[in-house]
Amino acid sequence: MLGDVARQGFARVDSGLLREVAERLWYAGEVPNLADVPVNLRPDAGYLVDRLARFNVLPKERKLRLLSAIRQFQPSSPAPKAEAAGCKDPLAVAWGASMDLTSRLGELMPYQTRQYALDRTKAAA
């Protein structure tokens, strides 16, 4: 799914797919393997995971596990394409992402609340 999001681009990706990726990282405990993502899409996919891992909805240990899993794929120096693309998020620049996720973050806000997490837990029971 990360590859699909990166392939479509953050500006054009379907909000349902973006939400599903976020929920899998936040609530299902998935730890993606960026080695499974095509090399040309890894900067965007890595940035997406890195950005979503920093939301407060994740417990510290899961956050650290996610960040550790993707760290090896982060470029050692920022790629110029992120700055040329006008990325405002320093994390996007660090990853060399083709664009940043800033304009889409508001869509994910309702899914990172304690109440939403509680409702998901109740629905699963």
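These lines cover the structure that appears in this document, whether it is placed above or below. Just so we're clear, the structure is a prediction, and the values are computed from it rather than from any experiment.

About the thresholds
- Residues numbered from 1 in each chain as written.
- Predicted model: local features only at pLDDT ≥ 70, side-chain atom pairs only at ≥ 80, totals over all residues.
- Heavy atoms only, no water.
- Helix = DSSP H or I, 4+ residues; strand = E, 2+ residues; numbered from the N terminus.
- Expected span 1.5 Å × (residues − 1).
- Buried < 20%, exposed > 50% of the residue type's maximum accessible area, 1.4 Å probe, protein only.
- Arc of directions from axis to C-beta.
- Core = buried A, V, L, I, M, F, W, Y, C linked by side-chain atoms within 4.5 Å.
- Contact = heavy atoms within 4.5 Å.

Brief notes about helix α4 (residues 60-71)
Reasoning step 1: Compared with an ideal rise of 1.5 Å per residue, which puts 12 residues at 16 Å, α4 spans 16 Å between its outermost C-alpha atoms and is within 8% of the ideal.
Reasoning step 2: Listed as buried for α4 are R62, K63, L66, L67 and I70. Mapping the buried residues of α4 onto a view down its axis gives an arc of 130°, with all of them on the same face. Turned more than 90 degrees from where α4 packs its buried face, K60, E61 and R71 sit exposed.

Things to note about the nonpolar core
Reasoning step 1: If you look at the biggest cluster of nonpolar residues, it comprises 35 residues, and the most contacted ones within it are L2, V5, W26, Y47, L48 and L52.
Reasoning step 2: Elements represented by at least two residues in this core include exactly α1 (2-8), α2 (15-26), α3 (42-53), α4, α6 (90-95) and α7 (105-108).
Reasoning step 3: In this structure, Y47 is in contact with F10, R42, D89, L91, A92, W95, A97, M99, D100, L101 and T102, ignoring residues within four places of it in sequence.

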